[in-house]
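Here's the letter readout for the chains.
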Amino acid sequence: AAKAAGRGKHIFYEPSMHSEAAERQQLENELRQAIERGELSVHYQPIVRTAGEEISGFEALVRWQHPTRGAISPAKFVPLAEEAGLIGKIGEWVLATSLEEASHWPDHVRVAVNLSPLQFNDPGVVAMVAEHLETSGVRPDRLELEITEGVFLADGDSTDDTFAKLKKLGVRLSLDDFGTGYSSLGYLKKAPFDKIKIDQSFVRGAASTSSTNRNAAIIRAIVTLAETLGMDTCAEGVETHDDLQLIRELGVSMVQGYIFGRPADGEITRRLANTVTVEADGYQCIREPRH
Ligand code: C2E
Ligand code: MG
Ligand code: MG
Ligand code: MG
């Protein structure tokens, strides 16, 4: 840059320096307008009870269809939204959209919505959740909020307070991606979770017979822990019959994974929500709607 400036040219950086920071800024600006432009949507993935293969509910997963870049993964833009101060608005939009959609599902089908630690630690979070429950008419015990271990990095007292208020509101709480974060067991002692979601990294390939595979042992330990504490378990990322069978044998109470269905749009999900069971490998086994 100095050399270029020295030659009196209006070049302040090399093309390679341009890329990352500027591209990030550009993406952030576009994300800021994504809701108004109708580029965000919510897809829903079935969560199935291991016994009986009944649909327990669906997890709401945000999608961003960028006009020129195509689909951008939430694994990329959710962290960006968090850093740019946009996650509150996006997260609230996802919650409102999902609850409205769930109001068209049978009464026993739950909706699970991810809550960023930044949303959870916002002082207005309980009122925000209560407001959207009220607007949608969805019973509080049908809403499951998925929270990661990241929430425990914040001030302990206000975190405890928020947990207590959300429980009082009657919503269910899930600990998402269990085993990948700080994995301190201290918070399992005090936070009133209803469910532990076992992270995909322990689930995928768990049935492999390789002698170095410790996943089954870890899953077994998590199940024992959860049962002792009176919590449900859900295995994320089940793709194969072998893994599904192992998950069953280990006593995991729920399964979420491509074997039962990929995230699908609201319209497809509405139809599926009205079926009693699905079978491994998908949608060809959709039952007639219940009346
Ligand atoms: P998550 O909450 O752990 O969601 C599960 C992710 O695993 C989803 O990815 C889902 O599509 C994927 N998945 C489920 N079953 C399988 C499987 O059998 N195989 C494979 N390979 N993947 C499977 P997705 O939709 O890309 O979301 C990624 C992450 O982005 C989520 O992980 C969550 O942390 C975040 N996210 C998504 N939507 C929201 C949202 O509305 N708010 C917030 N705060 N975060 C969100
Ligand atoms: Mg989740
Ligand atoms: Mg997860
Ligand atoms: Mg995850």
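Small disclaimer: the values here were computed from a predicted structure and weren't measured.

K.L.:
What is the right way to read the site of ligand 1 from this model?
P.N.:
As a structural note, the neighbourhood of ligand 1 is formed by 22 residues, with Arg63, Asp176, Gln200, Glu239 and Tyr258 the closest of them. At 3.2 Å, a side-chain N or O of Glu236 approaches an oxygen atom of ligand 1. Take Tyr258: an N or O atom from its main chain is 2.8 Å from an oxygen atom of ligand 1. Alone, ligand 1 offers 810 Å² of accessible surface; in the complex the protein occludes 83% of this. Of all elements in the fold, only β2 (55–66), α3 (74–83) and β6 (172–178) reach the threshold of two or more residues within the shell around ligand 1. Among the elements that line the shell around ligand 1, the one with the most residues is β2, at four residues. Here the residues of the shell around ligand 1 sort into eight nonpolar, six polar and eight charged.

K.L.:
Please explain the coordination of the magnesium ion (ligand 3) as it appears in this structure.
P.N.:
Six octahedral donors at a metal ideally form angles of 90 or 180 degrees, and four tetrahedral donors ideally form angles of 109.5 degrees. For the magnesium ion (ligand 3), the full set of protein donor atoms is Asp176 (OD), Asp177 (OD), Glu236 (OE) and Glu236 (OE), at a range of 2.1 to 2.4 Å. All donor residues of the magnesium ion (ligand 3) come from one chain, and their arrangement in sequence is D-D-x58-E. Between the magnesium ion (ligand 3) and the magnesium ion (ligand 2), the interatomic distance is 3.9 Å, and Asp176 donates to each metal, bridging them. Here the residue Asp177 occupies a position in strand β6, and Glu236 occupies one in strand β8 (residues 232–236), the gap between them amounting to 59 residues.

Rules used throughout
- Residues numbered from 1 in each chain as written.
- Chains lettered and ligands numbered in written order.
- Predicted model: local features only at pLDDT ≥ 70, side-chain atom pairs only at ≥ 80, totals over all residues.
- Heavy atoms only, no water.
- Near = heavy atom within 4 Å.
- Polar contact = N/O pair within 3.5 Å; in protein donor to acceptor, adjacent residues only side chain to side chain.
- Areas by Shrake-Rupley, 256 points an atom, 1.4 Å probe, with all protein chains shown as cover.
- Helix = DSSP H or I, 4+ residues; strand = E, 2+ residues; numbered from the N terminus.
- Nonpolar A, V, L, I, M, F, W, Y, C, P; charged D, E, K, R; others polar.
- Donors = N, O, S within 2.8 Å, 3.2 Å for Na, K, Ca; no water.

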